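Structural features, examined
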Amino acid sequence: MSFTASFQNKEETKDFKEGLTIQDVLDDLELSSETVVAKQNGDIVVEDTEIQDGDEIKLIQIIYGG
Amino acid sequence: MTVCTKCGNPKVVITRKQSGQSLCSDCFIKSIEKKVQKTIRREKLITKGDKVMVALSGGKDSVVTLDILNSYRERHVIDLCAVTIDEGIKGYRDEGVRIAVDHAKRLGIEHEVVSFKDCFNIDLDEIMKTDNHRGSCTYCGVFRRWIINRQARKFGATKIATGHNLDDESEAILMNYLEGNINNLSSLGAITTSKSPKFTPKIKPLREIPEKEVGLYALCKGLEIHLAGCPYAQESFRMEVANILKDLSKNHPTIMYSTLKGYDKIKPLVKENYALEYHDGDCEICGEPSSNKLCRACTFLKELGKEVNI
Ligand SMILES: [Zn+2]
Ligand SMILES: [Zn+2]
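How each quantity is defined
- Residues numbered from 1 in each chain as written.
- Chains lettered and ligands numbered in written order.
- Predicted model: local features only at pLDDT ≥ 70, side-chain atom pairs only at ≥ 80, totals over all residues.
- Heavy atoms only, no water.
- Helix = DSSP H or I, 4+ residues; strand = E, 2+ residues; numbered from the N terminus.
- Rg over C-alpha atoms; globule rule 2.2 N^0.38 Å.
- Buried < 20%, exposed > 50% of the residue type's maximum accessible area, 1.4 Å probe, protein only.
- Contact = heavy atoms within 4.5 Å.
- Areas by Shrake-Rupley, 256 points an atom, 1.4 Å probe, with all protein chains shown as cover.
- Lys, Arg positive; Asp, Glu negative; His and termini not counted.
- Charge placed at Lys NZ, Arg CZ, Asp CG, Glu CD.
- Pairing = 2+ DSSP bridges.
- Axes fitted to C-alpha atoms, helices over the stretch in contact; angles between N-to-C directions.
- Donors = N, O, S within 2.8 Å, 3.2 Å for Na, K, Ca; no water.
- Tetrahedral: all angles 85-135°; square planar, octahedral: opposite > 155°, others 65-115°.
- Patch = residues over 30% accessible without salt bridge, like charges linked within 9 Å, V, L, I, M, F, W, Y side chains within 5 Å.
- Salt bridge = Lys/Arg side-chain N within 4 Å of Asp/Glu carboxyl O.
- Buried area = accessible area lost by both parts, 1.4 Å probe.
- Polar contact = N/O pair within 3.5 Å; in protein donor to acceptor, adjacent residues only side chain to side chain.
- Expected span 1.5 Å × (residues − 1).
- Bend = angle between axes of the 7 residues up to and from the residue.
- Phe/Tyr/Trp six-rings, centres within 6.5 Å; stacked < 30°, edge-to-face > 60°.
- Lys NZ or Arg CZ within 6 Å of the ring centre and 35° of its normal.

A word on the overall build of chain A. Each helix and strand in chain A was counted, giving one helix and five strands. Reading chain A from its N end, one meets helices and strands in the order β-β-α-β-β-β. Against the 2.2 N^0.38 benchmark of 11 Å for 66 residues, chain A shows a C-alpha radius of gyration of 11 Å, consistent with a compact globule. Counting every position in chain A, which comprises 66 residues, the buried fraction comes to 47%. A sequence separation of at least 24 residues applies to 50% of the contacts in chain A between residues at least 6 apart. Counting only carbon and sulfur atoms, one obtains 39% of the accessible surface of chain A, whose full area is about 3800 Å². A distance of 8 Å separates the average location of the 5 positive side-chain charges in chain A from that of its 16 negative side-chain charges.

Structure, rendered in C-alpha cells:
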C-alpha cells in the first residue's frame, strides 16, 4: 500500500494511509498550496482531494519568488 | 464530493476562496478568458487594428498573455508580435528563450530575440562580476525597458503588452504607497500612456488575475512554460511586501483585488496632481527619450565602461 510523490525531479514512494489528502503531502514536504499545483495520475486536482493506493502525485511549483 | 459549480463535472481544478466557487478545467479556462476580455473592454486596452507587441519571456505570465491576445488576432481584431530579451544568464535564460521561440513559431507571429550583449556589449552575468554593480534587478529593469521601447518602434507596434498579474500589480501599488513614491504610483494601472511619441502605450491584460490562476490556466491549456526562478533574485523590499500581501490573502482572499480597485479609484486624482514625468529631450548617446543628458541605460553603461550599439 503506497503511492509516489514527485517534486522537482525528485520522486519518493510514500506509505498509503486511508483518508490522506494532497494537502497532507504538501504539508509533509513543507510546500504551500499558494505556489504549487498538484496532479493526481495526470489530472490537476484541488488540495482536499483524497489520495488512493497506487496514485502518482506530481507537484508542480508555478510561483517562484523574485 | 466537490463538483464544478458551473457544469457539475466532478474533475475540479480549483476552489476559489474568495467566492467558494469550484471549477473544472474547461469552465476555469472560460472564466479566465472572460475576466481578461472584461478588463480589456472596460479599460479600453486594445482597439481594432492595433499591432500589439508581447514582451515574451517564456514564463507563465507572458505565455498566457500571448495565448489570450492570440484569440483577438484569430478574430482579426489585432495583429500580434513578440520580443524576447536574452539578458545573458547562464543556465537560466536559454530554456525560456527556447519556449518563447516555440510559441511564436506555433502561432506564426513576428518574433525577435534581442540580447543585452548585442545591444550593450555586456551581458548580465558579466555585469554581476564587476565591482560596485548596482544589483541585477536594477540593470534588468532599465535595460529591458530600453529594448522593449525600441523594439516596439521597430515592429511598428501600437501597444506593448506585459504579463503583470494581480499579485504583481497589488505589490507595486502597496510598495510605492508605503515608500511614499507618489510619482511612481501615478504610472501604474491597466494602461500607461506618455506624451512622448517615442513611447508606445503599455497594457496589462492579466492585472486582475491572481498569479496562481495564471499558472493554473497555462497548465490547464497545456501551454509550455518556463518554470524556474531567476538565479539573481534577491531579498528585496518588494519581496517583503509580496509576502505581507500573500499572508494577508490567506484570511482575506479579496485583499489584492481591493488594493487594486481602491488604487484605480484614486488614480485620476493622483495623476492630476502628480503628472507623469515628461521627457522633453533625447539621450545624447542613444536618442531615447530622457529628461537628462543621458538616459538611465546609457548612464549605467558609462559606469560599466560600455556604450550602446545603435
Ligand atoms: Zn465545469
Ligand atoms: Zn541613452
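Moving on, we come to the sheet that holds strand β1 (residues 2-7) of chain A. Pairing is mixed across the open sheet formed by five strands, whose spatial order is β2-β1-β5-β3-β4 (chain A). Single-partner strands in this sheet number two, and they are β2 (10-15) and β4 (43-45) of chain A. Here the strands of the sheet are splayed against their neighbours by 30° on average, with no regard to which way each runs. Examined bridge by bridge, β1(A) and strand β5 (residues 56-61) of chain A share four bridges and lie parallel to one another. Note that in β5(A) the partner of A:Ser6 across the bridge is A:Lys58. Across the face of the sheet, helix α9 (residues 211-220) of chain B comes into contact with β3 (36-40), β4 and β5 of chain A while running at roughly 30° to β3(A).

Residues and elements named next belong to chain B. Coordination sphere of the zinc ion (ligand 2), protein contribution only: Cys283 (SG), Cys286 (SG), Cys295 (SG) and Cys298 (SG), at 2.2 to 2.3 Å. The site at the zinc ion (ligand 2) holds four donor atoms, and with the angles between them running 105 to 113°, its shape is tetrahedral. Between consecutive donor residues of the zinc ion (ligand 2), the sequence gaps follow C-x2-C-x8-C-x2-C. Of this pair, cysteine 283 sits in the loop between β9 (281-282) and β10 (289-290) while cysteine 295 sits in the loop between β10 and α12 (296-303), and the two are 12 residues apart along the sequence. Under the relative-accessibility criterion, cysteine 283 is labelled buried at 4%.

Attention now goes to a nonpolar patch on the surface. All names here are of chain B. Together, Tyr177, Leu178 and Phe237 give the surface a local cluster of nonpolar side chains, amounting to about 330 Å² of exposed area. Here tyrosine 177 is to be found in helix α7 (residues 166-178). Judged by relative accessible area, which is 55%, tyrosine 177 ranks as exposed.

All right, on to the interface of chain B and chain A then. One frequently used descriptor of interface size is the decrease in accessible area upon assembly of the parts. Listed as interface residues are 19 residues of chain B and, on the opposing side, 17 residues of chain A. Of the roughly 1500 Å² buried between chain B and chain A on both sides combined, carbon and sulfur atoms contribute 68%. At the junction of chain B with chain A, the criterion picks out three salt bridges. The residue B:Lys212 makes a salt bridge to A:Glu47 at a minimum N-O spacing of 3.6 Å. At the boundary of chain B with chain A, the tally comes to four residue pairs in polar contact (both at pLDDT 80 or more). Secondary structure elements with two or more residues in the side of chain B that touches chain A: β1 (12-15) and α9 of chain B. By residue number, the principal contributor to the side of chain B that touches chain A is α9(B), which donates six residues.

Turning our attention to helix α11 (residues 255-273) of chain B. Residue and element names in this part refer to chain B. In this model, α11 (19 residues) spans 27 Å end to end at C-alpha, consistent with the 27 Å of a helix rising 1.5 Å per residue. A maximum bend of about 45° is found in α11 at isoleucine 266, where proline proline 268 lies one to four positions downstream. Restricting attention to buried positions, one finds in α11 the residues Met256, Thr259, Leu260, Tyr263, Lys267 and Val270. Here the buried face of α11 lies against α7, α8 (182-185), β7 (191-192) and α10 (237-251).

The next thing to look at is the coordination of the zinc ion (ligand 1). When a metal carries six donors in an octahedron, the ideal angles between them are 90 or 180 degrees, while four donors in a tetrahedron ideally lie at 109.5 degrees. Residue and element names in this part refer to chain B. Taken together, the protein ligands of the zinc ion (ligand 1) are Cys4 (SG), Cys7 (SG), Cys24 (SG) and Cys27 (SG), with distances of 2.3 Å. Geometry at the zinc ion (ligand 1) is tetrahedral, judged from the four donor atoms that bind it and their angles of 103 to 115° at the metal. Counting the intervening residues between successive donors of the zinc ion (ligand 1) yields the motif C-x2-C-x16-C-x2-C. One end of the pair, cysteine 7, is in the segment before β1; the other, cysteine 27, is in helix α1 (residues 25-42), and 20 residues separate them in sequence. The exposure class assigned to cysteine 7 is partly exposed, which follows from its relative accessible area of 48%. Taking relative accessible area as the criterion, cysteine 27 reaches 13% and is therefore assigned buried.

Residues and elements named next belong to chain B. Inspection of the entire model under this criterion finds seven aromatic pairs over all chains. Residues phenylalanine 116 and phenylalanine 143 carry aromatic rings whose centres are separated by 5.5 Å and whose planes lie at 85° to one another, so their mutual orientation is edge-to-face. With phenylalanine 116 in helix α4 (residues 116-120) and phenylalanine 143 in helix α6 (residues 136-155), the pair connects residues that are 27 residues apart, well separated along the chain. Exposure class is identical for phenylalanine 116 and phenylalanine 143. Each is buried. For the pair tyrosine 139 and phenylalanine 300, a centre-to-centre distance of 5.4 Å together with 70° between the ring planes defines the contact as edge-to-face. Pair noted here: tyrosine 139 is in helix α6 and phenylalanine 300 is in helix α12, with a separation of 161 residues, a long-range link. In this structure, tyrosine 139 and phenylalanine 300 share a single accessibility class: buried. These aromatic residues form a ring-pair network of at least three members: Phe116, Phe120, Tyr139, Phe143, Trp146 and Phe300. Sitting above the plane of the tyrosine 72 ring, arginine 75 keeps its charged end 4.8 Å from the centroid.

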